[in-house]
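Here is what each chain is made of, one letter per residue.
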Amino acid sequence: MLPSPETAEVIRRELLDWYRKNRRDLPWRKNKDPYRIWLSEIMLQQTRVDTVIPYYERFMEQFPTLEDLANATDDQVVKAWEGLGYYSRARNLHSAVKEVVANYGGRVPSEPETIAKLKGIGPYTKGAILSIAYDKKVPAVDGNVMRVFSRLFAITDDIAKQSTRKKMERIAEALIPDSAPGDFNQALMELGALICTPGSPQCLFCPVQSVCHAYREGLEHELPRKKKQKPPEPVDVIFAWLICAGRVLVEKRPETGLLAGMWGLPTFEQVPGETLEQTMENFCDKKGVPASNYQVKGRLEHIFSHRHWKVVMIQAEVSEPDFPLPENWEWVKKEDLRLRAFPNVYRKALKQLI
DNA sequence: AACGCGTGGCC
DNA sequence: TGGCCAAGCGT
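Residues numbered from 1 in each chain as written. Chains lettered and ligands numbered in written order. Predicted model: local features only at pLDDT ≥ 70, side-chain atom pairs only at ≥ 80, totals over all residues. Heavy atoms only, no water.

We apply this condition: UniProt positions are given in the numbering used here, feature names are shortened, and annotations may be inferred rather than shown by experiment.
Chain A has the name Adenine DNA glycosylase in an unreviewed UniProt entry, where Lihuaxuella thermophila is given as its organism. Taken directly from UniProt, the Function (unreviewed entry) text for chain A runs: "Adenine glycosylase active on G-A mispairs. MutY also corrects error-prone DNA synthesis past GO lesions which are due to the oxidatively damaged form of guanine: 7,8-dihydro-8-oxoguanine (8-oxo-dGTP)."

## Focus: the packing of aromatic side chains
Inclusion rule: Only the six-membered ring of Trp is used, alongside the rings of Phe and Tyr, when aromatic pairs are assigned; centres must lie within 6.5 Å, and planes under 30 degrees apart are stacked while those over 60 apart are edge-to-face, with the rest tilted. We call a residue buried when its accessible area falls under 20% of the maximum for its residue type, exposed when it is over 50%, and partly exposed in between, using a 1.4 Å probe and counting protein chains only. Think of it as a cone above the ring: NZ of Lys or CZ of Arg counts as a charge over the ring if it is within 6 Å of the ring centre and within 35 degrees of the ring normal.
Tallied over the entire structure, the rule returns 10 aromatic pairs. Ring centres 5.0 Å apart and planes at 80° place the aromatic pair Phe304 and Trp309 in the edge-to-face group. Both residues of the pair, Phe304 and Trp309, count as buried. The side chain of Arg58 reaches across the aromatic face of Tyr55, ending 4.8 Å from its centre. A cation over an aromatic ring shows up here: Arg340 above the ring of Trp263, its NZ or CZ 4.5 Å from the ring centre.

## Some details on the protein's contact with DNA strand B
What counts here: To be near a molecule or strand, a residue needs just one of its heavy atoms within 4 Å of it. Two N or O atoms form a polar contact when they lie within 3.5 Å of each other; inside protein one atom must be a possible hydrogen donor and the other a possible acceptor, and for residues adjacent in sequence the pair counts only when both atoms belong to side chains. A run of DSSP states H or I qualifies as a helix once it reaches four residues; a run of E qualifies as a strand once it reaches two. Both are numbered from the N-terminal end. Following the grouping adopted for this structure description, the nonpolar residues are Ala, Val, Leu, Ile, Met, Phe, Trp, Tyr, Cys and Pro, the charged ones are Asp, Glu, Lys and Arg, and the polar ones are all others, Gly among them.
Around DNA strand B sit 20 residues, and of these Arg48, Leu258, Leu259, His306 and Asn344 come closest. Within 4 Å of the protein, the contacting atoms of DNA strand B are drawn from sugar and phosphate to the extent of 62%. Separating a base nitrogen of DNA strand B from a backbone N or O atom of Gln46 is a distance of 3.0 Å. One of the side-chain nitrogen or oxygen atoms of Tyr86 is found 2.9 Å away from a base oxygen of DNA strand B. Contributions of two or more residues to the surface near DNA strand B are made by β5 (291-303) and α14 (344-353). Residues of the surface near DNA strand B, tallied by class, amount to nine nonpolar, nine polar and two charged.

This is how it looks when you write it as structure tokens:
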């Protein structure tokens with residue numbers, strides 16, 4: 001059910017007016033450089049504004065232009081992303097930026113069909129870049145917008161479903177103005193971030209309260225509806241701290257799956273029914289590591305989106321450092337560990353071990 | 001279509 | 001304190 005033309009006009013006017021008075025002064029709002037907008041949208045995927053800001057500032061300092069990023073190495077880009085999470089975003093962005101330089105003369109495509117082909121740019125990011133940087137009338141429906149629409153129009157569909165986002169995009173198309181599509185899209189998101197928040201929406205300060213179906217019915221706390229996600233599955237994991245003469249063995253993780261392609265300590269699952277020392281010793285034997293003096297150095301827990309690692313860190317001394325290294329393993333001097341990009345779970349471990 | 005993919009902040 | 005999230009995308 002689409003909003004009436006009268007309702008649509010009220011929403012456009014009130015939202016744009018409210019946004020122009022209340023918009024936050026964020027680093028990516030300094031100008032409309034498509035590269036700056038693009039980077040911000042990728043970093044902001046599933047990530048809070050306050051978390052992103054320092055990463056964004058540092059990243060822009062290190063890679064001020066699209067060409068600078070295209071000319072960087074993968075290691076540099078991932079290092080700049082270290083700690084931000086969802087690391088495939090960095091790899092996809094880097095790959096896409098290189099493609100823009102190679103195939104589009106270094107200009108971010110302004111056509112929906114073209115930009116949508118780039119890695120890491122889905123329906124939301126496409127709409128955000130095109131509307132904010134190029135003033136195109138394309139919807140940008142993210143979690144904020146879905147929450148706002150759910151409440152404004154009392155939509156009870158599960159916002160975790162793909163079909164719901166398409167429904168919301170149809171509504172957005174009916175609302176988005178010719179004059180300032182980028183401001184309007186950002187106004188919707190800003191309203192979701194500042195007023196129409198998940199927990200306790202500030203309906204008394206809402207510029208579109210008068211046309212909000214949920215507010216009228218007292219349903220703002222019941223909406224949006226969203227399927228609960230399963231709790232992370234616990235896994236017992238061992239980190240091997242394999243040392244020799246001031247050096248440590250590190251492992252590059254597989255190119256797919258959790259922390260894909262990231263550096264870490266050699267990591268393996270605890271085998272049920274075995275002691276820690278048995279599993280550790282079997283692991284070292286299997287890898288051909290001549291290790292001795294096994295010793296538990298500490299424990300930590302780390303919760304990912306769907307895994308809960310219960311980690312035991314076990315140290316062993318490598319007696320013969322010139323043994324043939326397993327694939328994707330390297331020796332690193334302890335003081336050089338900081339030069340490499342480790343995801344946070346390993347940084348937490350290293351903090352305890354060093 | 002449903003699931004895998006990080007992290008930190010919030011109450 | 002731990003469950004719930006926060007400007008999604010790829011498969």
